[in-house]
Amino acid sequence: MIAKINNFEIDLSKPIDISIPLTNTDENPIAWYIEKPVIEPVVFGDWIGKVSEGKSSTNFNNIFFNPHGHGTHTECLGHITNNFYSINQSLKQFFFFAKLITVEPEKIGEDFVITKEQILTLINDKTEALIIRTLPNSKEKKSRKYSNTNPPYLSEEAAIFIRESEIQHLLIDLPSVDKEHDEGKLLAHKAFWNVKDTHKLNSDARFNATITEMIYIAAEIEDGNYILNLQIASFENDASPSKPLLYKIADFRL
């Protein structure tokens, strides 16, 4: 199916999925010191909700997981605020102009950091969403165990620049935009959402902006402009598992 928007076309039959599926196997990526997800049939006495067990006409599973630690997820500023805000209420539109860039984080001390200088020249036109792929970019990202590995992260200055570039949606192939052990400072989260006090939000905090973490962008997907379809489940929670899809653009004009 071809969709026409203004002066360009996208082929809706050819989505590029940049999410990581959630499984109950050791192949599932994990962050934040938790165990792998649990997907198992409901059991009532000797009844098991699994067709292959011969006692049920349906597969009827419970799923236990954490959206932040078990795979691709999209979060709103409610992730860091004292008051409750849900991603389901914050994200009301789902198609956006997006730009994909690739960055090799810079070694600074013991850390690897995405700096403002690295992305400054890569964001040279207005866009609604920014997708950051980091190097090296092995398929191992789809099953990596991130806990206590000090993964790369986004500098506060880079997050401020992204915010000031009027980018509403930030997607990254790391477990967090912030340093793993940062004493709770969350500098990049706060900078992107323009949250100055997590207990009393400023009026210009970015309630409709989102951060999507733990995506995977295959090497063959080229940097450039796309249409992003950012799909979430309707959870009244600060974050939801998500399925971001990219569509190639025939002619980009914004």
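Now for a description of the structure that goes with this document. (Residues numbered from 1 in each chain as written. Predicted model: local features only at pLDDT ≥ 70, side-chain atom pairs only at ≥ 80, totals over all residues. Heavy atoms only, no water.)

Looking at the sheet that holds strand S11 (residues 111–114)
Here is the rule we go by: When DSSP finds two or more bridges between a pair of strands, those strands are recorded as paired. Think of it this way: any DSSP run of H or I at least four residues long counts as a helix, any run of E at least two long counts as a strand, and we number them from the N terminus.
If you walk across this open sheet you meet the three strands as S10-S11-S13, and the pairing is mixed. With partners counted over all chains shown, the strands left at the sheet margins are strand S10 (106–108) and strand S13 (153–154), one partner each. In this structure, S11 lies alongside S13, joined through two bridges in parallel fashion. When the bridges of S13 are listed, Ile114 appears paired with Leu154.

A few points about the pattern of salt bridges
Defined as follows: Throughout this description, the term salt bridge denotes a Lys or Arg side-chain nitrogen within 4 Å of a carboxyl oxygen of Asp or Glu. Burial here depends on accessible area, computed with a 1.4 Å probe over protein chains only, as a share of the maximum for the residue type. Under 20% is buried, over 50% is exposed, and the range in between is partly exposed.
The tally for this structure, following the rule as stated, stands at eleven salt bridges. A salt bridge links Asp173 to Lys141; the shortest N-O distance between them is 2.5 Å. One end of the pair, Asp173, is in the loop between strand S14 (169–172) and helix H4 (187–193); the other, Lys141, is in the loop between strand S12 (129–134) and S13, with 32 residues separating them in the sequence. For the pair shown, Asp173 and Lys141 are each scored as buried. The shortest N-O distance in the salt bridge between Arg163 and Glu164 comes to 4.0 Å.

Quick notes on the pairing of strand S15 (residues 210–213)
How we decide: Crossovers are described as right-handed under a simple rule: with the strands pointing away from the observer, the path leading from the first strand over the helix to the second runs clockwise.
Every second residue of S15 is oriented toward a common face, with Thr210 and Thr212 on one face and Ile211 and Glu213 on the other, all of them buried. Judged from the three bridges that link them, strand S8 (residues 73–75) and S15 form a sheet pairing that is antiparallel. Of the residues in S15, the one forming a bridge with Glu75 is Ile211. Sheet analysis places S14 next to S15, joined by three bridges and oriented parallel. Within the sheet, the bridge partner assigned to His169 lies in S15 and is Thr210. Between S14 and its parallel partner S15, the chain crosses via H4, and the hand of that crossover is right-handed.

What to know about the packing of aromatic side chains
What counts is decided by this rule: Stacked, edge-to-face and tilted labels apply to pairs of Phe, Tyr and Trp rings (six-membered ring for Trp) whose centres lie within 6.5 Å, assigned for plane angles under 30 degrees, over 60, and everything in between, in that order. Two thresholds decide whether a charge sits over a ring: the Lys NZ or Arg CZ must be within 6 Å of the ring centre and within 35 degrees of the ring normal.
This model, assessed by the stated rule, comprises six aromatic pairs. Plain terms: the ring middles of Phe44 and Trp47 are 5.8 Å apart, the flat faces sit at 20° to each other, and that makes the pair stacked. A residue is classified by how much of its surface remains accessible, and Phe44, at 56% relative accessible area, is exposed. Put simply, the rings of Phe44, Trp47 and Phe60 touch in pairs and so form one group of aromatic residues. Of note, Arg206 hangs over the ring of Phe192, and the distance from its end group to the ring centre comes to 4.5 Å.

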